[in-house]
Amino acid sequence: MNTKENNQKNLVILIVCTIVSAIGFLMTGPFFTDSIRPLAGLLAQTSILAIVIMVITNKKRGFYTALGITAILFLMVLCMIIFAHNMAIFANLIIAVVTSILVCILYNYLKKNDDLHQELNQQYEQLMDTNRELERKDTMLRELAYKDQLTGLYNKAYFSEQMDEAIRQNVPFTVIYADMDNFKVVDDTFGPEVGDSVLVAYAQRFSAYCGKRYICARTSGDDFAMLLTGQQNQAEILNVVEQLRRTLGEPLNIQGQVLSITSSYGIASYPQDSRNAANLLNCSVMAVYRAKANGKDRPCFFSQT
């Protein structure tokens, strides 16, 4: 139920309770007669109950209305006692006072309860804000822990963690390790700024090729790796390497310098070559060295070393 409907409902309750309590107090007070005497107790209790309901449902609005009703009753009864010498309704004077005290106690309790509820809501919101901030910082820390700051690719720690997870689940996979050929020459010739730009452009191509199919990472300076999950035969692996080689081998235009960068590829598979993530990376690196020794710009399986 929305706020507008609640307000309308509470207003109706307030009006009904005001009428009921007013009639009850009038019948047992200024308009009290002997014929009403048997119902006096019931009428008084009904009036007090109506007062309580209007305070509970309407809070501040009900509180002031209730005080107004009891104040009017008190004055009317007091006048009748003083001017009409009608002591038969003296009890109603006491009822008006007691009802006013009850209304004040009830409203004070409800107000404190609302204040506490509001304070708890504020604390909850603060807690949620703190939790969101912690989650944001946790995400940032994870990115710092698992992301390469220069290229934006995952780093060696994340790549190794993914290999460990695949090994725990006994999922076959293949590591393709790509080591850029002659990158040091480029870095020394054109400077580190151009070298960094080459790495970033290379990483973007590497990531674009892998997409969501394969996990890729920058494992060190000019070394990159990708993870092929599932059982793959040599022909399928070589097909992937060839597509990757063509993608990465396209000339790069870096700050007006057109550079052709080739790479050598080392290939190691789980569980054939090793059952340990660190060893598998070492196997792929050894295969890269053999590929470079064989003329660079080519793949080599660890089993061929």
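Residues numbered from 1 in each chain as written. Predicted model: local features only at pLDDT ≥ 70, side-chain atom pairs only at ≥ 80, totals over all residues. Heavy atoms only, no water.

A. The arrangement of the packing of helix 6 (residues 192-210) against helix 7 (residues 234-249) in detail. Interhelical geometry of helix 6 versus helix 7 gives an angle of 145° and a closest axis separation of 10 Å. The handedness of the crossing between helix 6 and helix 7 is right-handed. In this structure, helix 6 contributes Y202, R205, F206 and Y209 to the contact, and helix 7 contributes V240, Q243, L244, T247 and L248. Split by residue class, the contact of helix 6 with helix 7 holds 6 nonpolar, 2 polar and 1 charged. (Axes fitted to C-alpha atoms, helices over the stretch in contact; angles between N-to-C directions. Helix = DSSP H or I, 4+ residues; strand = E, 2+ residues; numbered from the N terminus. Left-handed = near helix turned anticlockwise from the far one by under 90°. Contact = heavy atoms within 4.5 Å. Nonpolar A, V, L, I, M, F, W, Y, C, P; charged D, E, K, R; others polar.)

B. Inspection of the sheet that holds strand 1 (residues 154-155) at higher detail. Here 6 strands make up an open sheet; going across it, the order is 1-3-4-2-7-8 and the pairing mixed. The strands lining the two open edges of the sheet, one partner per strand, are strand 1 and strand 8 (299-301). Relative to strand 8, strand 7 (residues 263-270) runs parallel, the two sharing 3 bridges. Note on strand 8: the bridge partner recorded for G266 is C300. (Pairing = 2+ DSSP bridges.)

C. Local environment of the packing of helix 5 (residues 183-190) against helix 6. The N-to-C vectors of helix 5 and helix 6 enclose an angle of 140°; their axes lie 6 Å apart at closest approach. Between helix 5 and helix 6, the angle falls in the class oblique. Every residue of helix 6 that contacts helix 5 at F183, V186, D187 and F190 is listed here: P192, V194, G195, V198 and L199. Of the residues belonging to the contact of helix 5 with helix 6, the class tally is 7 nonpolar, 1 polar and 1 charged. (Parallel < 35°, antiparallel > 145°, perpendicular 65-115°, else oblique.)

D. How the structure looks around a nonpolar patch on the surface. On the surface, L11, I15, I19 and I23 cluster together to form a nonpolar patch covering roughly 350 Å² of accessible area. Relative to the helices and strands, L11 is located in helix 1 (residues 3-28). (Patch = residues over 30% accessible without salt bridge, like charges linked within 9 Å, V, L, I, M, F, W, Y side chains within 5 Å. Areas by Shrake-Rupley, 256 points an atom, 1.4 Å probe, with all protein chains shown as cover. Salt bridge = Lys/Arg side-chain N within 4 Å of Asp/Glu carboxyl O.)

E. Structural context of helix 3 (residues 90-146). The end-to-end C-alpha distance of helix 3 is 83 Å, a good match for the 84 Å that 57 residues give at a rise of 1.5 Å each. The set of residues buried in helix 3 consists of N92, L93, A96, T99, S100, V103, L106, Y107, L110 and Y146. (Expected span 1.5 Å × (residues − 1). Buried < 20%, exposed > 50% of the residue type's maximum accessible area, 1.4 Å probe, protein only.)

F. Quick peek at the packing of aromatic side chains. Scanning all chains against the criterion turns up 9 aromatic pairs. Taking the centre distance of 6.4 Å and the plane angle of 25° together, the rings of Y202 and F206 count as stacked. With Y202 and F206 both in helix 6 and 4 residues apart, this pair spans about one turn of that helix. Between F206 and F224 the ring centres are 5.8 Å apart and the planes differ by 35°, which places this aromatic pair in the tilted class. Here the residue F206 occupies a position in helix 6, and F224 occupies one in strand 4 (residues 223-229), the gap between them amounting to 18 residues. Classification of F206 by relative accessible area gives buried; the value is 0%. Within the aromatic cluster, the residues linked to one another by ring pairs are F63, Y64 and Y107. The residue whose ring lies beneath K147 is Y154, and the NZ or CZ to ring-centre distance is 5.3 Å. One residue, R213, lies across the ring of Y209, its end atom 4.8 Å from the ring centre. (Phe/Tyr/Trp six-rings, centres within 6.5 Å; stacked < 30°, edge-to-face > 60°. Lys NZ or Arg CZ within 6 Å of the ring centre and 35° of its normal.)

G. How the structure looks around the pattern of salt bridges. The tally for this structure, following the rule as stated, stands at 11 salt bridges. E133 is the salt-bridge partner of R136, the closest N and O atoms lying 2.5 Å from each other. A residue pair is termed a helical-turn pair when its members lie 3 or 4 positions apart in one helix, as R136 and E133 do in helix 3 at 3 residues. Take R136: its relative accessible area is 41%, and that puts it in the partly exposed class. Given the relative accessible area of 31%, E133 is considered partly exposed. As a salt-bridge pair, K292 and D181 come within 2.7 Å of each other at their nearest N and O atoms. With K292 in helix 8 (residues 277-293) and D181 in the loop between strand 2 (173-180) and helix 5, the pair connects residues that are 111 residues apart, well separated along the chain. Of the residues examined, D181 reaches a relative accessible area of 3% and is grouped as buried.

Honestly, that's just the spatial picture; any functional story needs more than this.
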